[in-house]
Amino acid sequence: MKTLATRRFPGDAWEELGDVEIGPLEPRDDVDVLIVANEPVDLDAFAALRLIANFSVGYDRIDVEGARARGVAVTNTPGVLDAAVADLTFGLILAARRRMVEGDALIRGGGWETLLGREVSGATLGIVGYGRIGRAVARRAEGFDMPVLYTRETPLDELLAQSDIVTLHTPLNAETTGLISRERLALLRDGATLVNTARGAVVDEDALVEELVSGRITAGLDVFVHEPHVPERLRGLPNVVLTPHIASATVETRGAMTRVVVDNVLAFRRGEALPNVV
Ligand code: DGY
C-alpha cells in the first residue's frame, strides 16, 4: 500500500514517512493514505483508502461524513497554529487600522502624506468563535488594553454593533456559511474593521465588497470564497489589506503541522489510535 501526498509538506518530520509519492488526486487503487491540504478528495477514486491526513486544522472541503461511512479516518492539525494565526490577525488589525500598506504604497509611489488611521489600543474587539485561536487573539488583545466581546457571551448582532474591530475564528460548516450576512455587515459601526483569517465563505463576500467600496468600514482579509480568486474590485481599494491565506504560514508553524500529520500517519501504519481524528 502507498502513501500519496499532493505535495511535500515543509519540515524535517516529513523524512520520517519514508517513501511517499507526490502527485495529483487521480484515481488509484493502491493508495491507503492520502496527505492533502484541505483539497476535496473523490472517495470513489481511491478504493483502498483508509486515512486522509489533512495538513490543516480546517477540513471544510473534505467529506468527513462520506469518509466515515466508508471506514476512512480523517485527521487534522489542531493546536499548533493558534499563535501564528493570532499573530497575523493582529498584523491585519494594525495594518488596516493604521493604514500601513497604504502608507507603504504611497512612499513607493514617491508620495508623502499624513494618513490618519483609527486607534487599536483601547478599541473594543469582538471575537466571533471562541476556540483555541479566538482565545489566543484575546490574550494578545490584553496587551492592547482592548475590551473584548465574545459570541459565547454576547449575541452576535450585539457584538457586531458594539465592536470597533470584529475578528472571525469559526470553522466553516453549515451553521457558519454566510454567518456574516449583508444584514449583519450593516450592523458594523462606521469606521469599524473586519478581520477574517477563518474562511472566506463565513462572510457574504459580495456584500463585504460593497461595504468596502462604500468606504464605511476597513478590513483585513486572509481568506476568500474561491481561493486563489480574489474579487477584482478589492484589489484597487485602499481600505482593505489582503494576504494570500498565510495565517499559519511560518516556517515554525508549518513544520509543526507537518509533525502532527506525520504522527497521525505513523500511528495509522502501526495500527495505533490516531491522535487527531476529526
Ligand atoms: C488551516 O489550517 O485551516 C489554515 O487555514 C491553513 O489552511
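These numbers come from a predicted model, not from an experiment.

Conventions adopted
Residues numbered from 1 in each chain as written. Predicted model: local features only at pLDDT ≥ 70, side-chain atom pairs only at ≥ 80, totals over all residues. Heavy atoms only, no water. Helix = DSSP H or I, 4+ residues; strand = E, 2+ residues; numbered from the N terminus. Rg over C-alpha atoms; globule rule 2.2 N^0.38 Å. Buried < 20%, exposed > 50% of the residue type's maximum accessible area, 1.4 Å probe, protein only. Pairing = 2+ DSSP bridges. Contact = heavy atoms within 4.5 Å. Axes fitted to C-alpha atoms, helices over the stretch in contact; angles between N-to-C directions. Polar contact = N/O pair within 3.5 Å; in protein donor to acceptor, adjacent residues only side chain to side chain. Near = heavy atom within 4 Å. Nonpolar A, V, L, I, M, F, W, Y, C, P; charged D, E, K, R; others polar. Core = buried A, V, L, I, M, F, W, Y, C linked by side-chain atoms within 4.5 Å. Parallel < 35°, antiparallel > 145°, perpendicular 65-115°, else oblique. Left-handed = near helix turned anticlockwise from the far one by under 90°.

Chemist: Before we go on, may I ask you to explain the overall build of the protein in this structure?
Modeler: For the protein, the helix and strand inventory stands at 9 helices and 11 strands. Against the globule reference of 19 Å for 278 residues, the protein gives a C-alpha radius of gyration of 20 Å, in line with a compact fold. Overall size of the protein, expressed as C-alpha extent along the three principal axes, is 60 × 45 × 35 Å. Counting only residues that meet the buried cut, the protein has 49% of its 278 residues in that class.

Chemist: How should the sheet that holds strand S3 (residues 31-36) be read in this particular structure?
Modeler: Backbone hydrogen bonds are what pair the strands of a sheet, in a parallel or an antiparallel way. Overall, parallel pairing links the 5 strands, which are arranged S2-S1-S3-S4-S5 in an open sheet. Where the open sheet ends on each side, the last strands, each with one partner, are strand S2 (21-22) and strand S5 (73-75). Of the pairings in the sheet, the one linking S3 to strand S4 (residues 51-54) comprises 4 bridges and is parallel in character. Bridging across to S4, Ile-35 finds its partner in Ala-53. Each of strand S1 (2-5), S3, S4 and S5 is contacted by helix H9 (residues 251-270), which is oriented at about 165° to S4, the strand it contacts most.

Chemist: Honestly, helix H7 (residues 205-214) in this entry has me stumped. Any pointers?
Modeler: Taken residue by residue, H7 has Glu-205, Ala-207, Leu-208, Val-209, Glu-211 and Leu-212 as its buried positions. Residues of H7 that are buried sit in contact with helix H6 (182-185), strand S9 (193-196), strand S10 (218-221), helix H8 (232-235) and strand S11 (240-242). Where H7 begins, the capping side chain belongs to Asp-204, and its oxygen is found 3.2 Å from the backbone nitrogen of Asp-206. Gly-215 lies just past H7 and shows a positive phi near 80°.

Chemist: What exactly am I supposed to notice about the site of the ligand here?
Modeler: In the vicinity of the ligand, the residues found are Ser-56, Val-57, Gly-58, Leu-81, Arg-199, His-245 and Ser-248. At 2.9 Å, a backbone N or O of Gly-58 approaches an oxygen atom of the ligand. Between an oxygen atom of the ligand and a side-chain N or O atom of Arg-199, the distance comes to 2.8 Å. Looking at the shell around the ligand, its residues break down into 2 nonpolar, 4 polar and 1 charged.

Chemist: Would you mind showing me how to read the nonpolar core here?
Modeler: One recurring pattern in soluble globular proteins: nonpolar side chains tend to sit buried together. Trp-14, Leu-17, Ile-35, Ile-93, Leu-125, Met-146 and Val-265 are the most contacted members of the largest nonpolar core, which has 43 residues in total. Within the residue set of this core, elements represented by two or more residues are S3, S4, helix H2 (82-97), strand S6 (125-128), helix H4 (132-143) and H9. With 8 residues, H2 is the largest single contributor of residues to this core. Not counting residues within four places of it along the chain, the set of residues in contact with Ile-35 comprises Thr-3, Leu-4, Ala-5, Thr-6, Phe-9, Trp-14, Leu-17, Ala-53, Val-261 and Val-265. Counting residues in hydrophobic clusters, the runner-up holds 28 residues, among them Leu-179, Val-203, Leu-221 and Phe-224.

Chemist: Can you walk me through the packing of H2 against H4 in this structure?
Modeler: When two helices pack together, their arrangement is given by the angle between the helix axes and the distance between those axes. The geometry of H2 relative to H4 is characterised by a closest axis approach of 8 Å and an angle of 50° between their N-to-C directions. By the angle between their axes, H2 is oblique relative to H4. Helix-helix and strand crossings are classified by hand; for H2 and H4 the assignment is right-handed. Touching Asp-82, Ala-83, Val-85, Ala-86, Asp-87, Thr-89 and Phe-90 of H2 are Arg-132, Ile-133, Ala-136, Val-137, Arg-140 and Ala-141, all from H4. Grouping the constituent residues of the contact of H2 with H4 by class yields 8 nonpolar, 1 polar and 4 charged.

Chemist: Honestly, the sheet that holds S11 in this entry has me stumped. Any pointers?
Modeler: Ordered by their spatial adjacency, 6 strands build an open sheet running S7-S6-S8-S9-S10-S11, and the pairing between neighbours is parallel. Two strands lie at the open edges of the sheet, namely strand S7 (148-150) and S11, each paired on one side alone. Taken pair by pair, the neighbouring strands of this sheet meet at an average axis angle of 15°, ignoring direction. The sheet contact formed by S6 and strand S8 (residues 165-168) spans 4 bridges and is parallel. The residue bridging Gly-126 from the neighbouring strand is Val-166, located in S8.

Chemist: Got a minute to help me understand the side chain of Thr-218 in this structure?
Modeler: Within the fold, Thr-218 resides in strand S10. Ignoring sequence-local partners within four residues, the contact set of Thr-218 consists of Ala-96, Ala-192, Thr-193, Leu-194, Leu-212 and Asn-239.

Chemist: Mind showing me how you'd approach the environment of Ala-192 here?
Modeler: Structurally, Ala-192 can be placed in the loop between H6 and S9. The exposure class assigned to Ala-192 is buried, which follows from its relative accessible area of 1%. Not counting the four nearest positions on each side in its chain, Ala-192 is found in contact with Arg-97, Ser-163, Asp-164, Arg-216, Ile-217 and Thr-218.

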